[in-house]
Amino acid sequence: MSHSHPYFPHTQEDVAAMLERCGTGTLDAMYADVPASLRMKQPYQLPAAMTEPELKRFFRNLDRRNEPLTCFAGAGVYHHFTPAAVESIVARSEFLTAYTPYQPEVSQGTLQYIFEYQSMMCELTGLDVSNASLYDGATATAEAMLMCVAAAKKKNRVLISATMNPAVAQVCGTYARWHGIALDTIPEHDGVTSLEALEEMLGAGDVAGVILPQPNYYGIVEDLSGISEKIHGVKALMVMNCVASTLAVLRTPAQWGADIAVGDAQSLGMPMNYGGPYLGYMCTTRTLMRKMPGRIVGATTDSRGQRVFVLTLQAREQHIRRDKATSNICSNQGIMALHTAAYLSLMGQEGLKEVNEAGCATMHALARRLCDTGRMELAYPDRPYLNEVLMRLKPGLSARGIIEAASAAGILAGVEVAPDLLLVACTEMQGTADVNAYVELIKNLPENE
């Protein structure tokens, strides 16, 4: 092999044998369909080999360049505590090396933790069936949109609330474009989904599904009373995108009458890792089970009467039906499902409730004190919120200016929604000193920050 790729283990003989088996003579021929303008024409910029002490020193120096910030930002990703036991369990070799469990007789451990994950997600959402799993909350929501159209058969219009996280809505829009789905936005009114507009849009009779957030992008807990009846009245499906952690204290999607619950499970103890890997959860009713993508694990008994676990409904899986499969998640986020299962089992119902109560108390206290500065106010003062809220800035302040000034002071102040709107979130991770520092920063900011 060429010395330009010293990290590749294949010899020239290995490469020649593989090319012969593929029926081509050169590596370049393997990339004939890739335009020449897109191909790399220089060697990879890989550093020279290092000794182990040198390598450790190199990464320690990189780590020192990180500047940890006290996180008051949310918008779908939240800074929660991860018990040390979770990382220890996930790092065990029998889990860390786990892959797609096609052979149940040698995959009982993997199948069991997937089964336990699914059981706990069903308990959180109140729905009958959970998959395991999808790549993140946005793609899970898009997959739910596809389920609505598949179930409706002759209708391809889906409605999504304007109060949905914009990133999620954009992913749904991308999926809709390439699947021939008409994705329309339900207008918002005073920070929540306009029920009048929704009812009018449903009246057209061509809606396959409706996607609603809970809590919504502004942190508001929307009142969805009676909505499921209206949606089901036109033979459409109701999808709810929920922040997973809040399901421990808010009404479940099943109680709201939803057919499908989706979202990101990152709030269940997953570290904030530059956008991933996270985990998209999906739960649904028994009647929609065959339309749902992703793996489903079931419990049964073997010939000796012992409890065992198996992959169920395998006709849905890509390794069985290939292009006709419902599931295309074969390598899925198995390790993240394990992470979530370990976190939920360690926290339990009371632990999850305490996490939400702590975040809620801190958020409400911070919001009151920010309003007392006279420099901010609640964007929607009459709307209920849990651990995240949208603040409107008084003239002289800007969201971007606050974020930049706070960053210099070691604080991640929130997410800019508009030049005068700042989305702020709290969890169990912020203490009194952190809240005091945030409030003092806002008090002392000069105008036009």
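Conventions and cut-offs
- Residues numbered from 1 in each chain as written.
- Predicted model: local features only at pLDDT ≥ 70, side-chain atom pairs only at ≥ 80, totals over all residues.
- Heavy atoms only, no water.
- Axes fitted to C-alpha atoms, helices over the stretch in contact; angles between N-to-C directions.
- Helix = DSSP H or I, 4+ residues; strand = E, 2+ residues; numbered from the N terminus.
- Parallel < 35°, antiparallel > 145°, perpendicular 65-115°, else oblique.
- Left-handed = near helix turned anticlockwise from the far one by under 90°.
- Contact = heavy atoms within 4.5 Å.
- Nonpolar A, V, L, I, M, F, W, Y, C, P; charged D, E, K, R; others polar.
- Buried < 20%, exposed > 50% of the residue type's maximum accessible area, 1.4 Å probe, protein only.
- Pairing = 2+ DSSP bridges.
- Expected span 1.5 Å × (residues − 1).
- Polar contact = N/O pair within 3.5 Å; in protein donor to acceptor, adjacent residues only side chain to side chain.
- Arc of directions from axis to C-beta.
- Phe/Tyr/Trp six-rings, centres within 6.5 Å; stacked < 30°, edge-to-face > 60°.

(A) Looking closely at the packing of helix α13 (residues 334-372) against helix α15 (residues 432-444). Relative to each other, α13 and α15 sit at 20°, their axes nearing to 10 Å. By the angle class used here, α13 and α15 are roughly parallel. Where α13 crosses over α15, the two elements pack in a sense that is right-handed. Facing Thr362, Leu366, Arg369 and Leu370 of α13, the residues of α15 in contact are Val435, Asn436, Tyr438, Val439 and Ile442. Grouping the amino acids of the contact of α13 with α15 by side-chain chemistry returns six nonpolar, two polar and one charged.

(B) How the structure looks around the pairing of strand β14 (residues 388-393). With five of six residues buried, β14 lies mostly within the body of the structure. Of the strand pairs in this sheet, strand β13 (residues 376-378) and β14 are connected by three bridges, and their pairing is antiparallel. Bridging across to β14, Met376 finds its partner in Leu393. As paired strands, β14 and strand β17 (residues 421-425) are joined by five bridges and run antiparallel to one another. Note on β17: the bridge partner recorded for Met391 is Leu422.

(C) Broad picture of helix α7 (residues 137-152). Compared with the 22 Å implied by 1.5 Å per residue over 16 residues, the 23 Å span of α7 between its first and last C-alpha is a close match. Burial runs high along α7: 13 of the 16 residues are buried. Looking at where α7 begins, the residue whose side-chain oxygen comes 3.2 Å from the main-chain nitrogen of Ala138 is Asp136.

(D) Structural context of the sheet that holds strand β16 (residues 415-418). Taken together, four strands build an open sheet; the order of strands is β13-β14-β17-β16 and the sheet is antiparallel. Looking at strand neighbours, the two that pair on one side only are β13 and β16, the edges of this open sheet. With direction set aside, neighbouring strand axes in the sheet form an average angle of 35°. Strands β13, β14 and β17 of the sheet are contacted by α13, whose axis makes an angle of about 5° with β14.

(E) A look at helix α9 (residues 195-202). The set of residues buried in α9 consists of Ala197, Leu198, Met201 and Leu202. Down the axis of α9, the smallest arc covering the buried residues is 135°, so these residues share one side. Among the exposed residues of α9, those oriented more than 90 degrees off its buried face are Glu196 and Glu200.

(F) Structural context of the packing of aromatic side chains. Per the counting criterion, the structure on display carries five aromatic pairs. Note on Phe58 and Phe59: the rings are 5.2 Å apart at their centroids and 80° apart in plane angle, and the pair reads as edge-to-face. Look at Phe59 and you get partly exposed, because its relative accessible area is 49%. Between Phe115 and Phe309, the ring centres sit 5.2 Å apart and the planes meet at 50°, which makes this aromatic pair tilted.

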